[in-house]
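Listed here are the chains, written in short residue letters.
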Amino acid sequence: MTTDRRKMIVEAATKSFSLFGYKATTMDQVAKLANVGKGTIYTFFKNKEELFEEIISTLVKEMIAEAEAVIQPELPFTENVHRALYRLLEFRSQHQLMIKLVQEETEMGTLAVSDMLQHVEDEIISYIKQKIDVAIAKGAIPPTDTEITSFLLLKMYIALVSDWEKHHQPLSSEQIAEMMKVFLLKGFSHE
């Protein structure tokens, strides 16, 4: 029962953050959506920030699980990057919370949202870096500064997914993945 209530609270908060953003979400709204008393929320979470951190932590784990699900060790590194990026693009387009948080950061500059989005970025860069380190160790790609390369891969991904769409026709997932391969991954190829 306790686990069910906690889960209901997290789901309600995720829905509220997705619909209204971080700043506009209140614990009263979350309680109402979860169909629990406001005090019940505080038995699980100290405050809205802690609840938000829980949700974002879960989101990062989901993103990494999505990428991991499509990686196949027998495929070349560049193909696995393509597959993982494609899966992350699908995830992004289906995950309303990330879309709302990026919108809130852009429009309102909410510090808690900015900090949380930076945390997400750091976690993704760390994940990419681990994959590049493994590829270098296996001799699949030449040695490189893995932190800078990871940062560039993520930033290019974000630029092609979000920034491009502000003034251009959105690119398909295939187009974005191909651009990533052409501009950043060709240098990794031993061909």
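As a starting point, this report considers the structure included with it.

The rules we used
- Residues numbered from 1 in each chain as written.
- Predicted model: local features only at pLDDT ≥ 70, side-chain atom pairs only at ≥ 80, totals over all residues.
- Heavy atoms only, no water.
- Phe/Tyr/Trp six-rings, centres within 6.5 Å; stacked < 30°, edge-to-face > 60°.
- Buried < 20%, exposed > 50% of the residue type's maximum accessible area, 1.4 Å probe, protein only.
- Helix = DSSP H or I, 4+ residues; strand = E, 2+ residues; numbered from the N terminus.
- Core = buried A, V, L, I, M, F, W, Y, C linked by side-chain atoms within 4.5 Å.
- Contact = heavy atoms within 4.5 Å.
- Axes fitted to C-alpha atoms, helices over the stretch in contact; angles between N-to-C directions.
- Parallel < 35°, antiparallel > 145°, perpendicular 65-115°, else oblique.
- Left-handed = near helix turned anticlockwise from the far one by under 90°.
- Nonpolar A, V, L, I, M, F, W, Y, C, P; charged D, E, K, R; others polar.

## Let's talk about the packing of aromatic side chains
Item 1. Under the defined criterion, the tally for this structure stands at three aromatic pairs.
Item 2. Residues Phe 17 and Tyr 22 carry aromatic rings whose centres are separated by 5.7 Å and whose planes lie at 20° to one another, so their mutual orientation is stacked.
Item 3. When its relative accessible area of 0% is taken as the criterion, Phe 17 is described as buried.
Item 4. Aromatic ring contacts, followed pair by pair, group Phe 17, Tyr 22 and Phe 52 into a single cluster.

## A closer look at unusual backbone geometry
Item 1. In the Ramachandran plot, Asn 35 falls in the positive-phi region, its phi being about 60° despite a non-glycine side chain.
Item 2. Along the polypeptide, Asn 35 turns up in the loop between helix H2 (27-34) and helix H3 (38-44).

## Let's talk about the nonpolar core
Side chains of a nonpolar character, in soluble globular proteins, are inclined to be buried together.
Item 1. Membership of the largest hydrophobic core comes to 51 residues, with the highest contact counts inside it found for Ile 9, Leu 51, Phe 52, Ile 56, Tyr 157 and Met 180.
Item 2. Ignoring anything within four residues of it in the chain, the contact list for Phe 52 reads Phe 17, Tyr 22, Leu 101, Ala 112, Val 113 and Met 116.

## Section: the environment of Lys 7
Item 1. Within the secondary structure, Lys 7 is located in helix H1 (residues 2-24).
Item 2. Residues Lys 7 and Ala 34, 27 residues apart in the sequence, show an inter-C-alpha distance of 9.1 Å.

## Focus on the packing of helix H6 (residues 96-108) against helix H7 (residues 111-137)
Item 1. Where H6 meets H7, the axes come as close as 9 Å, and the angle between the chain directions of the two elements is 125°. In terms of orientation, H6 lies oblique with respect to H7. In this structure, the crossing between H6 and H7 has a hand that is left-handed. Of the residues in H7, those in contact with Met 98, Leu 101, Val 102, Glu 104 and Glu 105 of H6 are Val 113, Ser 114, Leu 117 and Val 120.
Item 2. For the contact of H6 with H7, a count of residues per class yields six nonpolar, one polar and two charged.

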